Amino acid sequence: MERVTSHRTRMSLLYQWTGNVVRNEPIVVEDRSMARDYTFVGDVAAGIQKVLDAPALPHDVYNVSAGRAIALEEVITNLIALRPAVRVVDAQVQEQLNILPPPVRDASRIQADLGFSMARDMSSGLKAYLEWRETTGFTDCV
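Here the residue index of a chain counts from 1 through its sequence in written order. Reporting in this predicted model follows two pLDDT cut-offs: at least 70 for local features of residues, and 80 or more for side-chain atom pairs to be given and counted; totals over whole chains, interfaces and linings ignore these cut-offs and use all residues. Calculation of side-chain values draws on the structure's entire complement of heavy atoms; hydrogens and water are dropped beforehand.

What to know about the overall build of the chain
Item 1. A tally of helices and strands in the chain yields 5 helices and 4 strands.
Item 2. The linear arrangement of helices and strands in the chain, starting from the amino end, is α-β-β-α-β-α-β-α-α.
Item 3. Every one of the 142 residues in the chain was classed for burial, and the buried ones make up 29%.
Item 4. The contact criterion used throughout is that any non-hydrogen atoms of two residues lie within 4.5 Å. In the chain, the proportion of contacts linking residues at least 24 apart, taken out of those at least 6 apart, comes to 83%.
Item 5. Only the protein chains shown count as covering a residue, and every accessible area follows the Shrake-Rupley method with a 1.4 Å probe. When the accessible surface of the chain is totalled, it reaches about 9100 Å², and 52% of it is carbon and sulfur. Each helix corresponds to a stretch of at least 4 residues labelled H or I by DSSP, and each strand to a stretch of at least 2 residues labelled E; elements are numbered beginning at the N terminus. Only protein chains enter the accessibility calculation, which uses a 1.4 Å probe; a residue whose area is less than 20% of its type maximum is buried, one above 50% is exposed, and one in between is partly exposed.

This is the structure we're talking about:
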C-alpha cells in the first residue's frame, strides 16, 4: 500500500492511475509500450511465506515476481475492462528520459523448487486494488 510521506513523494504509476480511476479523472499516458514486472502485493506476501515455510531451500535467493513484462497498454486495457468509463488521454512526449525500467525478474526458482506461482494476474490484481481503494475511500492524489 503506497502512501505519500515526507520520505516518499513519487508514487508508482498503478497508484496514480487507480487514483485517477476512483476520482473519475483521466489517465494521461506518454508511452504505452513501456513495460515492467508488476506483481500483486498479496502474491508477494504468499511467496515470502512459501519460502519461510519451506523445510529446505536449494538456493539462497528467490525472486518473488510475476516473471513477465507487462506493457502499459495491457494495464490500460485491463483498467478499461474493469471500469469502462475511464478516460485515457495520450500525451505527446516532449522529452525522452534516459531511464531504464527495472528488469523482469526470473521467477523460475521459486516455481521449480517450491511450486509457487502468482495467484493473481494483472486484471484480477487491478480489480482487487480498485475495489479496495473504492471501499476504503482511499482517493489520495499526489
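Some points on the environment of Val-64
Item 1. With respect to the element layout, Val-64 can be found in the loop between α2 (41-53) and β3 (70-71).
Item 2. In this structure the C-alpha to C-alpha distance between Val-64 and Ile-110, which are 46 residues apart in sequence, comes to 7.2 Å.
Item 3. With residues up to four places along the chain from it excluded, the contact list for Val-64 reads Thr-39, Asp-43, Val-44, Gly-47, Ile-48, Ile-110, Phe-116 and Met-118.

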